[in-house]
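The primary structure of each chain is shown beneath.
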Amino acid sequence: MQKLCIVLLIFINTFFSAQKKYVLVLHGGAGTITRENMTAEKEKAYRAKLTEALKAGYAEIMKGKSSVDAVAAAIIIMEDSPLFNAGKGAVFTSDGKNELDAAIMFGKDKSAGAIAGVHTVKNPIKAAIAVMKNSEHVMMIGEGAEIFAREQGLEIVNPDYFWTKDRWEILQKLKQKEALKNPLKTSQNHLPESYEVDQKFGTVGAVALDKDGNIAAGTSTGGMTNKKFGRIGDAPIIGAGTYANTQVGISATGWGEFFIRTTAARTLAAKMEYQNKDIKSAAGEVIAEIEKMGGDGGLIALDKDGNIAMPFNTAGMYRGAVTENGHVEIEIYK
Ligand code: ASP
């Protein structure tokens, strides 16, 4: 009997130490990302950037920095890359501008910061963090957010900095399509035809778990191509596209209006908090509800024990995670 117990104990021990503990998870957007419309070169570039972002965030955690620092380090790399729809490479509004949104939340004390509709802040995630740490507010928009960012000493750029040829051409294609359609036919449940060419949304987000066991989640985006000027998506809305508490952190990507209407990120956390659901079931249910309503997209979530979930209902989602031992995993397709 005693022998049996010892064997059982060894088995349980090995089993649990074999369970991976993740410390950082990130996404680079969900959409029609298929092997058919991907070149080997492009895929390599995405994998390299996602790896670089994961490693940058991981390095912060290893140095003993906070989860907020880790999320920032990962997101800044993606904001600076034209591959993603955040910072440089952001998509265009219907009037040909780049309007950027970002948010951060620190689970320990539920502090949060967000900015929306900015045109000149090079790294919107830094401005969101500045709102969280250095202001009495949670969310700032437009010109006010830009003045605040400048006062905070953040890098301000000419709006042209965000312009990229690829994103501009996508807007032109959508405009041509739009000219043939009746815009009055659009509603919250029907994506206008004029959105359909670009389903590779490309928003970026990260969730980290630091050495003190604290979770932070952040998201940064240019929104959706051809969005109406002044439109704000889910990314900067705490509880919709971004959320963290002491148990779990979430960053979403996809058709933002649905993530706002389902308060997606907070709903996931509430399922864990009030219904004792595990992270994978809670995350899966949130995406299932969005799908049922006609929306699409995905999310990443990381809990206090280092478990992750990355569900999505699109063809692909750029995503990756790193374990506490520094093992990097990247996936793109379903
Ligand atoms: N969720 C973002 C928005 O609606 C877009 C995206 O994730 O690609 O603004």
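Whatever comes next refers back to the structure up there.
The structure contained in this document is the topic of the report that follows. (Residues numbered from 1 in each chain as written. Predicted model: local features only at pLDDT ≥ 70, side-chain atom pairs only at ≥ 80, totals over all residues. Heavy atoms only, no water.)

Concerning the overall build of the chain
The criterion, for reference: Under the scheme used here, helices are H or I runs from DSSP no shorter than 4 residues and strands are E runs no shorter than 2 residues, and both carry numbers assigned from the N terminus. Only the protein chains shown count as cover for residues, and all accessible areas are computed by the Shrake-Rupley method using a 1.4 Å probe.
Within the chain, the secondary structure is distributed over nine helices and 12 strands. Of the roughly 14900 Å² of accessible surface on the chain, a fraction of 55% belongs to carbon and sulfur atoms.

Thoughts on the sheet that holds strand 8 (residues 248–254)
Note the threshold: The pairing criterion is simple: DSSP has to find at least two bridges between the two strands. Residue contacts are counted whenever heavy atoms from the two residues lie within 4.5 Å of one another. Note on geometry: axes are lines fitted to C-alpha atoms, helical ones only across the stretch in contact, with angles between N-to-C directions running from 0 to 180 degrees.
The four strands are arranged 7-8-9-10 in an open sheet whose pairing can be described as antiparallel. Sheet topology places strand 7 (242–244) and strand 10 (308–309) at the edges, where each strand pairs with a single neighbour. Sheet topology places strand 9 (residues 297–303) next to strand 10; two bridges connect them, and they run antiparallel. Across the sheet, the residue bridging to Leu302 is Ile308, located in strand 10. Lying over the sheet, helix 8 (residues 264–275) contacts strand 7, strand 8 and strand 9, oriented at roughly 145° with respect to strand 8.

Some thoughts on the pairing of strand 11 (residues 316–323)
Two faces belong to every sheet, and in a regular strand the side chains alternate between them. Note the following rule: For every residue, the accessible area obtained with a 1.4 Å probe (protein chains only) is divided by the maximum for its type, and the residue is called buried under 20%, exposed over 50%, and partly exposed between those limits.
Among the eight residues of strand 11, eight are classified as buried, and the element is accordingly described as predominantly covered. Because side chains alternate across strand 11, one face comprises the buried residues Gly316, Tyr318, Gly320 and Val322, and the other comprises Met317, Arg319, Ala321 and Thr323, equally buried. Direction of pairing for strand 1 (residues 22–31) relative to strand 11: antiparallel, over a ladder of seven bridges. In the sheet register, Gly31 faces strand 11, and the bridge partner there is Gly316.

Some details on the nonpolar core
Filter applied, for reference: Throughout this description, the term nonpolar core refers to a set of buried Ala, Val, Leu, Ile, Met, Phe, Trp, Tyr and Cys residues connected via side-chain atoms within 4.5 Å.
Within the largest apolar cluster, 53 residues are counted, with the highest numbers of intra-cluster contacts made by Leu26 and Ile104. By residue number, the principal contributor to this core is helix 3 (residues 67–79), which donates nine residues. Residues within four places of Leu26 in sequence aside, it is in contact with Leu50, Ala53, Leu54, Ala74, Met78, Gly205, Ala206, Ile300, Tyr318, Arg319 and Gly320. By size, the runner-up hydrophobic cluster in this structure holds 38 residues, among which are Val25, Ala217, Ile250 and Ile287.

Notes on the environment of Ala309
Structurally, Ala309 can be placed in strand 10. Ala309 sits 29 residues away from Lys280 along the chain, and the two C-alpha atoms are 5.2 Å apart. Excluding residues that lie within four positions of it along the chain, Ala309 makes contacts with Ile279, Lys280, Ala283, Leu299, Ile300 and Ala301.

A look at the sheet that holds strand 4 (residues 139–141)
Pairing in this open sheet of eight strands is mixed, and the strands run 4-3-2-6-5-1-11-12 from one edge to the other. Sheet topology places strand 4 and strand 12 (328–333) at the edges, where each strand pairs with a single neighbour. Each adjacent strand pair in this sheet contributes to an overall mean axis angle of 10°, direction not counted. Each of strand 1, strand 2 (100–106), strand 5 (204–209) and strand 6 (215–221) touches helix 3; the most contacted strand, strand 5, lies at about 155° to it. Running at roughly 110° to strand 4, helix 5 (residues 142–151) makes contact with strand 3 (111–118) and strand 4 of the sheet.

Description of the pattern of salt bridges
Close approach of charged atoms allows side chains with opposite charge to pair. Formally: Salt bridges are defined by distance alone: a side-chain nitrogen of Lys or Arg within 4 Å of a carboxyl oxygen of Asp or Glu.
Applying the stated criterion across every chain yields a total of 14 salt bridges. The salt bridge involving Arg266 is made with Glu273; its shortest N-O contact spans 3.1 Å. Linking Glu285 and Lys277 is a salt bridge whose minimum nitrogen-to-oxygen distance equals 3.2 Å. Each member of the salt-bridge network shares a partner with another, and the members are Glu60, Lys63 and Lys65.

Some thoughts on the environment of Ile308
Positionally, Ile308 belongs in strand 10. Separated by 29 residues in the primary sequence, Ile308 and Ile279 have C-alpha atoms spaced 6.9 Å apart. Not counting chain neighbours up to four residues away, the residues in contact with Ile308 comprise Tyr22, Val25, Ile279, Lys280, Ala301, Leu302 and Ala321.

Re the pairing of strand 8
With seven of seven residues buried, strand 8 lies mostly within the body of the structure. Side chains Val248, Ile250, Ala252 and Gly254 project from strand 8 onto one buried face, and the interleaved Gly249, Ser251 and Thr253 project onto a second face that is buried too. Relative to strand 8, strand 7 runs antiparallel, the two being bridged by three bridges. Each residue of the ladder has a partner; that of Tyr243, found in strand 8, is Ile250. Bridge count for strand 8 against strand 9 is seven bridges, and the pairing is antiparallel. Counted as the bridge partner of Gly254 is Gly297 from strand 9.

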